[in-house]
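Listed below, chain by chain, are the residues.
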Amino acid sequence: MEPSTLSSTMSEAAISLREVTRRFRPRNRPAFVAVREVSLDVREGTFLSVVGPSGCGKSTLLAMISGLQPADGGEVLVRGEPVRDVRSDVGFIFQREALLPWKTVLDNVALALVFRGQSPTGARGAALEWIARVGLAGFEHAYPHQLSGGMRKRVSLAQTLVYDPPIVLMDEPFSALDVQTRNLMENELLGLWAENRKTVVFITHDLEEAIALSDQVVVMTASPGRIKASYPIDLPRPRNVTEIRFEPRFAELYEQLWADLRDEVLVSYEQSKSRAVG
Amino acid sequence: MSRVSPEPSGRGALSGGATGATDRSEGSPASELQSQAATARPELPHNARPAPTGVASNVPALPDADAEERGSTLYSGVGRERKLRRWVVLTIQAAMVTGFLALWEWLVSARMVDRFFFSQPSAIGQTLWSWFSSGSVYPHIGITLLETLLGFFGGTLLGLVIGFILARSETLGDIFEPLLALLNGMPRVVLAPLIILWFGLGIASKVALSVIVVFLIVFYAVYTGIREVDQNLVANARVLGANGGQLTRHVLLPSALTWIFSSLRVSVGFALVGAVVAEYLGSNQGVGFLIANAQSFFQSTGVFAGLVVLMLMVGVINLLLRTIERRFSVWKLS
């Protein structure tokens, strides 16, 4: 199926969620609804961030878009097709470490190409190029445990971008990094993104990060997660994430969004307290 | 392997045959087969999160000088101090061993201890000398090593395959895991008489016992290794496009192999134990046979000499394993 022909008939949504619901039934605990009737369209080439209090089902959204978890209700469409299994045209950068510890940087980055049946030499060539692009030239033969947290994130980026997925999902990718490394990585991410403007869905609990990076920010409610508000971010690009925070428009947007987010954070906090007591 | 020597002969004299030999090969306080295996299993999940390191750090294992080195880096300061400390330790060890042997020799010479039951270091030394100089002991060592190797590889292969299948299929795992747990909880030495009955006095019965013993260790390593594989790694590989076979090859098997590797010392040690126990109970060759044979003629000297040969074998195997571990644990998490 050609996405270009579809987009003319079905709008330009790279991802659309139609009243999607997801429930969990953990053992020894009552079932709960992680995501309730969420509808959302992500237009092709958009950098969209989702913010919300912890435990509001942000990560579940990504898992359903990627096909790692099925939706219990509603429909998830990626490039016009309903998602039934793990999609090979969607990249996913995880919050936690996901590099294979027994493979070198080079082999980790080449992994997706090897899985797609490319010859080892071809895969390595492309991997080398991406390792250089994320600034890790010289570390091809290092193992993940020999690298710093920031470097490992770069490897994760290269590992995903090497197969050029049109959609990239990122689940709090920089939350474990220190502030300086984090700003550095955010800027580099924007640089890479500007080159070919993939569709990005970026999960974070950090409002500043969301505003600084995105074209659009979606605020989710406390559990069960629904969409509370959606704001277009009209800050000019290219942006420098460290400096854009001083813009008056940034402060305005922050204030508006925080007004929405604050109540949800409080609700979420109360929930976690009562859960801890009960 | 100077650390092995301080404790040898005393306890061997009391417990005699098979369990004494077990004790030696493991260098850990637990001397029965089953108690060792029981600890080998539950210890594994502890380091499940950070992928297990190549070096078996928290598995009961052969005496390990590494552990000492690793520990000492925490508190002992500069290199010179460490070197000095090492010398002090070695000197004290040597003095203890010499003192112990001298005391033993003297007690027997002074007739305060019965020569018939406890022999004498000088006599044991003479027997060893005649065994090695005549070359009569080498075939026995060779046979025992062969049985150990076959048992180790057979048991590892079997454990890998069955562990993999049971870990991948939830139903099969639910059916068979409790049964294997039952088998694992049983002292496996008691299987030896049956196995000798079935497989005869030749090498087959020794290999069979060795295989069973190693199989259970490796099975549990693989089973937990695959069931507890970091789900993040699996999810990432699937998103990157891995199909079932690729997932197995690039994620699940390497993960299982690291667990096998972390139980390497234990399984090699047990392979030897299985072989020697079976030899002791019924055979006409091997180091276990040497010990059993000497015992049946009431020659405590021969029993001790056999134990010393076993100790030497364990020492050499231990050295080899350390070299292998160092070479293969390149990616271990620091």
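What counts as what
Residues numbered from 1 in each chain as written. Chains lettered and ligands numbered in written order. Predicted model: local features only at pLDDT ≥ 70, side-chain atom pairs only at ≥ 80, totals over all residues. Helix = DSSP H or I, 4+ residues; strand = E, 2+ residues; numbered from the N terminus. Buried ≥ 20, exposed ≤ 12 C-beta atoms within 10 Å, placed from the backbone. Contact = placed C-beta atoms within 7 Å. Nonpolar A, V, L, I, M, F, W, Y, C, P; charged D, E, K, R; others polar. Expected span 1.5 Å × (residues − 1). pLDDT = per-residue confidence, 0-100. Core = buried A, V, L, I, M, F, W, Y, C linked by C-beta atoms within 7 Å. Axes fitted to C-alpha atoms, helices over the stretch in contact; angles between N-to-C directions. Parallel < 35°, antiparallel > 145°, perpendicular 65-115°, else oblique. Left-handed = near helix turned anticlockwise from the far one by under 90°. Pairing = 2+ DSSP bridges.

Trainee: Provide a residue-level description of the overall build of chain B, including the pertinent values.
Mentor: Broken down by element type, chain B carries 16 helices and zero strands. Looking at chain B residue by residue over its 334 residues, the buried ones come to 42%. Put simply, of all contacts in chain B between residues at least 6 apart along the chain, 77% involve residues at least 24 apart.

Trainee: Tell me about the interface of chain B and chain A, and please be specific about residues and values.
Mentor: At the interface, 18 residues of chain B touch 20 residues of chain A. At the level of secondary structure, the elements contributing two or more residues to the side of chain B that touches chain A comprise α12 (231-239) and α13 (244-262) of chain B. Tallying contributions element by element places α12 of chain B first for the side of chain B that touches chain A, with six residues. A class-by-class count of the residues in the side of chain B that touches chain A yields 11 nonpolar, six polar and one charged.

Trainee: Report on helix α11 (residues 203-227) of chain B, specifying residues and quantitative values.
Mentor: Counted at 1.5 Å a residue, the expected span for α11 of chain B with its 25 residues is 36 Å, and the 35 Å between its end C-alpha atoms agrees. Among the 25 residues in α11 of chain B, 23 count as buried, and that is most of the element.

Trainee: Describe the confidence of the model for chain B, and please don't skip the residues or the numbers.
Mentor: Residue and element names in this part refer to chain B. Counting all residues, the mean pLDDT for chain B is 78, and 75% of those residues have values of 70 or more. Here helix α1 (residues 8-15) stands out as the element of chain B with the lowest mean pLDDT, 34, in contrast to helix α7 (residues 121-134), whose mean of 95 is the highest. Scored below 50 in pLDDT, residues 1-73 makes 139 contacts in the model with residues more than four places away or belonging to other chains. The complex model carries a pTM of 0.73, and its ipTM stands at 0.87.

Trainee: I'd like a description of unusual backbone geometry, backed by residues and values.
Mentor: All names here are of chain A. Between serine 223 and proline 224 the backbone carries a cis peptide bond, its omega angle lying at -5 degrees. Position of proline 224 among the secondary structure elements: in the loop between β9 (216-220) and β10 (227-232). With a phi angle near 50 degrees, arginine 79 is a residue other than glycine that sits in the positive phi range. You can see arginine 79 is positioned in the loop between β4 (73-78) and β5 (81-82). Take arginine 79: there are 22 C-beta atoms within 10 Å of it, and that puts it in the buried class.

Trainee: With reference to specific residues and values, describe the nonpolar core.
Mentor: The biggest cluster of nonpolar side chains holds 145 residues, and the ones touching the most others in it are Ile65, Val109 and Val201 of chain A together with Val222 of chain B. Setting aside anything within four residues of it in sequence, one finds valine 109 of chain A in contact with Ala127, Trp130, Ile131, Val155, Ala158, Gln159 and Val162 of chain A.

Trainee: Describe in detail helix α3 (residues 105-115) of chain A, supporting the description with residues and values.
Mentor: Burial analysis of α3 of chain A places 11 of its 11 residues in the buried class, the great majority of the element. Looking only at α3 of chain A, the buried set comprises Val105, Leu106, Asp107, Asn108, Val109, Ala110, Leu111, Ala112, Leu113, Val114 and Phe115 of chain A. Structurally, α3 of chain A contributes buried residues whose contacts are with α4 (120-133) and α5 (149-161) of chain A together with α13 of chain B. Immediately downstream of α3 of chain A, the backbone of glycine 117 of chain A shows phi near 85 degrees, a positive value.

Trainee: Which residues make up the packing of α11 of chain B against helix α14 (residues 264-281) of chain B, and what values do they have?
Mentor: All names here are of chain B. Running from N to C, α11 and α14 point in directions that differ by 150 degrees, and their axes come no closer than 8 Å. Between α11 and α14, the angle falls in the class roughly antiparallel. Every pair of crossing elements has a handedness; the one defined by α11 and α14 is right-handed. Residues Ser205, Lys206, Leu209, Ser210, Val213, Val214, Ile217 and Val218 of α11 form the contact with α14, whose own contacting residues are Val266, Ser267, Phe270, Ala271, Val273, Gly274, Ala275, Val277, Ala278 and Glu279. Broken down by class, the residue content of the contact of α11 with α14 amounts to 12 nonpolar, four polar and two charged.

Trainee: Got a sec to walk through the environment of leucine 146 of chain B? Specific residues and values, please.
Mentor: Residues and elements named next belong to chain B. Position of leucine 146 among the secondary structure elements: in helix α8 (residues 138-168). The exposure class assigned to leucine 146 is partly exposed, which follows from the 15 C-beta atoms found within 10 Å. With 60 residues separating them along the chain, leucine 146 and lysine 206 place their C-alpha atoms 10.0 Å apart.

Trainee: So what's going on with the sheet that holds strand β1 (residues 13-24) of chain A? Which residues, and what values?
Mentor: Residues and elements named next belong to chain A. In space, the four strands of this open sheet follow the order β2-β1-β4-β5, with antiparallel pairing throughout. Looking along the sheet, the strands with just one partner apiece sit at the ends: β2 (32-43) and β5. Relative to β2, β1 runs antiparallel, the two sharing eight bridges. Bridging across to β2, isoleucine 15 finds its partner in valine 42.

Trainee: Quick one: what's the story with the packing of α14 of chain B against helix α15 (residues 287-296) of chain B, residue by residue and with numbers?
Mentor: All names here are of chain B. Relative orientation of the contacting elements α14 and α15 amounts to 35 degrees, with a least axis distance of 7 Å. Helix-helix and strand crossings are classified by hand; for α14 and α15 the assignment is right-handed. Facing α14, whose interface residues are Val276, Val277, Glu279 and Tyr280, α15 presents Val287, Gly288, Phe289, Ile291 and Ala292. Looking at the contact of α14 with α15 residue by residue, the class counts come to seven nonpolar, one polar and one charged.

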